[in-house]
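Coordinates in review
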Amino acid sequence: EDKVVQSPLSLVVHEGDTVTLNCSYEVTNFRSLLWYKQEKKAPTFLFMLTSSGIEKKSGRLSSILDKKELFSILNITATQTGDSAIYLCAETATGNQFYFGTGTSLTVIP
Amino acid sequence: GAGVSQSPSNKVTEKGKDVELRCDPISGHTALYWYRQSLGQGLEFLIYFQGNSAPDKSGLPSDRFSAERTGGSVSTLTIQRTQQEDSAVYLCASSVAKNIQYFGAGTRLSVL
């Protein structure tokens, strides 16, 4: 069965720090990897990655995929308290399902 | 509406009662997913609807769980004879085919 593992499970940093969140996956027939931010209930979409080595960037957030080593990282630079959330990684294959990891809980302290 | 709408936002019920959770997807989105998120856990896939195709029910945890999607739009997730372990946040998401999913705010179900 396909599996997505995220690390660390939780992280506490100070405002201004840079963080790196990890997502590794085991998959057959990989199609894409997605990152979501979940602040209260509804996860909101951040990035979708399909190709290795191409960085996607949005403001202080960036992400990259390594299809050879089967992992992705999400970087957040100059963290702010508003970045506090659970960050979810999900992988899709050629079937119907999106396989989600358990998430990384990030807390940014002022 | 502009986004995925779920109702109710919170539901408290007694063990053994049936509950219905509603999801109104983004207009034009052909795919609809239901997930369950227990405290401190990731999203557990429950069921997937795509257009008029037969739904993928492979994630439903027991025969007490069922879902319908009427007219290719609104979906209802029904849990019969609720148990305390059914307590969780139930999230609905919609997408165009199997592309990026857009989530609703979820229904927090508490079974006493």
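Residues numbered from 1 in each chain as written. Chains lettered and ligands numbered in written order. Predicted model: local features only at pLDDT ≥ 70, side-chain atom pairs only at ≥ 80, totals over all residues. Heavy atoms only, no water.

**Section: the overall build of chain B**
Secondary structure assignment for chain B yields zero helices and 10 strands. Counted from the first residue to the last, chain B has its helices and strands arranged as β-β-β-β-β-β-β-β-β-β. Overall, chain B is about 35 × 25 × 25 Å in size when its C-alpha atoms are taken along their principal axes. Taking the intrachain contacts of chain B between residues at least 6 apart in sequence as the baseline, contacts between residues at least 24 apart amount to 54%. (Helix = DSSP H or I, 4+ residues; strand = E, 2+ residues; numbered from the N terminus. Contact = heavy atoms within 4.5 Å.)

**Quick word on the pairing of strand β5 (residues 43–49) of chain A**
Residues and elements named next belong to chain A. Pairing of strand β4 (residues 30–38) with β5 involves six bridges; the strand directions are antiparallel. Paired with L33 across the two strands is L49, which belongs to β5. Between β4 and β5, which follow one another and run antiparallel, lie four residues. (Pairing = 2+ DSSP bridges.)

**Digging into the confidence of the model for chain A**
For chain A, per-residue confidence averages 91 on the pLDDT scale, and 97% of positions sit at 70 or higher. Confidence, expressed as mean pLDDT per element, reaches its minimum in chain A at strand β10 (residues 98–100) of chain A with 86 and its maximum at strand β8 (residues 71–76) of chain A with 97. (pLDDT = per-residue confidence, 0-100.)

**Regarding the packing of aromatic side chains**
All names here are of chain A. Going through the model one piece at a time under the given rule, you end up with 11 aromatic pairs over all chains. Ring geometry for Y36 and F100: centres 5.9 Å apart, planes at 45°, overall tilted. Taken together, the residues span a long stretch of sequence, with Y36 in strand β4 and F100 in strand β10 at a distance of 64 residues. Judged by its relative accessible area of 0%, Y36 falls in the buried class. (Phe/Tyr/Trp six-rings, centres within 6.5 Å; stacked < 30°, edge-to-face > 60°. Buried < 20%, exposed > 50% of the residue type's maximum accessible area, 1.4 Å probe, protein only.)

**Observations regarding the sheet that holds strand β3 (residues 19–26) of chain A**
Residues and elements named next belong to chain A. Within the open sheet, the five strands sit side by side as β1-β3-β8-β7-β6. Their pairing is antiparallel. The open sheet has two free edges, formed respectively by β1 (3–7) and β6 (56–58), since each of these has just one partner strand. Adjacent strand axes in the sheet meet at a mean angle of 15° when their direction is disregarded. Bridge analysis of β1 against β3 gives five bridges, and the strand direction is antiparallel. Its bridge partner lying in β3, V4 is registered against Y25. (Axes fitted to C-alpha atoms, helices over the stretch in contact; angles between N-to-C directions.)

**Some details on the environment of G106 of chain B**
With respect to the helices, strands and loops of the structure, G106 of chain B is situated in the loop between β9 (102–103) and β10 (107–111). In this structure, the C-alpha to C-alpha distance between G106 of chain B and L46 of chain B, residues 60 residues apart in sequence, is 14 Å. Contact partners of G106 of chain B, with chain neighbours within four places excluded, come to K41 of chain A together with Q6, P8, S9, V89, Y90 and L91 of chain B.

**Topic: the sheet that holds strand β3 (residues 19–24) of chain B**
Residues and elements named next belong to chain B. Spatially, β1-β3-β7-β6 is the arrangement adopted by the four strands of the open sheet, whose pairing is antiparallel. Where the open sheet ends on each side, the last strands, each with one partner, are β1 (5–7) and β6 (65–69). The average undirected angle you get between the axes of adjacent strands in this sheet is 15°. As judged from the three bridges shared by β1 and β3, these two strands associate in the antiparallel manner. When the sheet's bridge partners are listed, S5 is paired in β3 with D24.

**Structural notes on the interface of chain A and chain B**
Taken together, the 18 residues of chain A in the interface contact 22 residues of chain B. With both sides pooled, the region where chain A packs onto chain B buries about 1700 Å², and carbon together with sulfur makes up 56% of that total. Across the contact surface, chain A and chain B share zero salt bridges. Seen at the junction of chain A and chain B, the total is two residue pairs in polar contact (both at pLDDT 80 or more). Going through the elements one at a time, β4, β5 and β10 of chain A are the ones with two or more residues in the side of chain A that touches chain B. With four residues, β4 of chain A is the single largest residue contributor to the side of chain A that touches chain B. Of the residues in the side of chain A that touches chain B, the class split is nine nonpolar, seven polar and two charged. (Buried area = accessible area lost by both parts, 1.4 Å probe. Salt bridge = Lys/Arg side-chain N within 4 Å of Asp/Glu carboxyl O. Polar contact = N/O pair within 3.5 Å; in protein donor to acceptor, adjacent residues only side chain to side chain. Nonpolar A, V, L, I, M, F, W, Y, C, P; charged D, E, K, R; others polar.)

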